[in-house]
Amino acid sequence: MSARHAVSDDRLIAYAAGTLSPPEAVVVATHLALRPRSEDVLRALTHVAGDALEDLAPEPLSADALDQALARAEADGGEAEALPPLNDMPELPAPLRRYALGPWRWMGPGVRVRDVLGPRDGDCRVILLKIEPGRSTPRHTHGGVEVTCVLSGAYATDDERFDVGDIEEADDHTLHQPRVVSSEACLCVAALDGQILLPGLLGRLMQPFVRL
Ligand code: ZN
């Protein structure tokens, strides 16, 4: 069993405080939906949300400010089940069922991508990636943030493995090549800012054909 990759404290704070960009919030809500919240995690969320609200609030907090932040987190993570689903993928966790989806697009051998329509913040948007067993994305870095959560299957980078519910937080300092290591295809949701960037001469030649 690999170490579990949870969302970083910084992102959890921003999520709980309602300041995380909408695309990243969708991925964090999905991550929380896949990891049933233990009392410890709930306590930690309460703690970080409280700290974040103290940092943000110019006035003393109202008594229910933290309750409101937690209710927002709950609404993003859980109550989506009450909304009518808008897409054709019943296997998706509740936070993703509320969005319409674009058509599957081919991105390379064994790699397909599909837009999650709605949550955007400038060039940052949400996509679904489906990669077949044994296949990988091109080795790449990123124009901005890339926050990925595994929905089914598993993938590995050079030194880490990501299973269902795990989150990978990458940015322009990260060079990686996720490769599927499960016997089933790996389905992921990602918030991606800009395009992935392929290094080297071959990468520059391939770049126009690799559009996420
Ligand atoms: Zn990446």
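As shown above, the structure is provided for reference.
Residues numbered from 1 in each chain as written. Predicted model: local features only at pLDDT ≥ 70, side-chain atom pairs only at ≥ 80, totals over all residues. Heavy atoms only, no water.

Side chains of L201, L202, L205 and M206 sit close together on the surface and give an oily, nonpolar patch of about 410 Å² of accessible area. Inspection of the secondary structure puts L201 in helix α6 (residues 200-206). (Patch = residues over 30% accessible without salt bridge, like charges linked within 9 Å, V, L, I, M, F, W, Y side chains within 5 Å. Areas by Shrake-Rupley, 256 points an atom, 1.4 Å probe, with all protein chains shown as cover. Salt bridge = Lys/Arg side-chain N within 4 Å of Asp/Glu carboxyl O. Helix = DSSP H or I, 4+ residues; strand = E, 2+ residues; numbered from the N terminus.)

On to the sheet that holds strand β7 (residues 161-162). Spatially, β7-β6-β9 is the arrangement adopted by the three strands of the open sheet, whose pairing is antiparallel. Sheet topology places β7 and β9 (179-180) at the edges, where each strand pairs with a single neighbour. (Pairing = 2+ DSSP bridges.)

A few words on helix α1 (residues 9-17). For α1, every residue scored as buried is listed here: R11, L12, A14, Y15, A16 and A17. A positive phi of about 80 degrees marks G18, the residue just after α1. (Buried < 20%, exposed > 50% of the residue type's maximum accessible area, 1.4 Å probe, protein only.)

When a metal carries six donors in an octahedron, the ideal angles between them are 90 or 180 degrees, while four donors in a tetrahedron ideally lie at 109.5 degrees. Taken together, the protein ligands of the zinc ion are H140 (NE2), H142 (NE2), E146 (OE), E146 (OE) and H176 (NE2), with distances of 2.0 to 2.6 Å. If you list the donors of the zinc ion from N- to C-terminus, the spacing comes out as H-x1-H-x3-E-x29-H. Residue H142 is located in strand β4 (residues 141-142), and its partner H176 is located in the loop between β8 (167-170) and β9; the two are separated by 34 residues in the primary sequence. Residue H142 is classed as buried on the basis of its relative accessible area of 1%. You can call H176 buried: its relative accessible area is 4%. (Donors = N, O, S within 2.8 Å, 3.2 Å for Na, K, Ca; no water.)

Within the secondary structure, R125 sits in strand β3 (residues 124-131). Buried R125, no salt bridge; nearest opposite-charge side chain is D115, N-O distance 5.3 Å. A polar atom in the side chain of R125 sits 3.2 Å from the backbone oxygen of D123. Excluding residues within four positions of it along the chain, R125 makes contact with P23, P119, R120, A190, A191, L192, D193, G194, Q195 and L212. (Lys, Arg positive; Asp, Glu negative; His and termini not counted. Polar contact = N/O pair within 3.5 Å; in protein donor to acceptor, adjacent residues only side chain to side chain. Contact = heavy atoms within 4.5 Å.)

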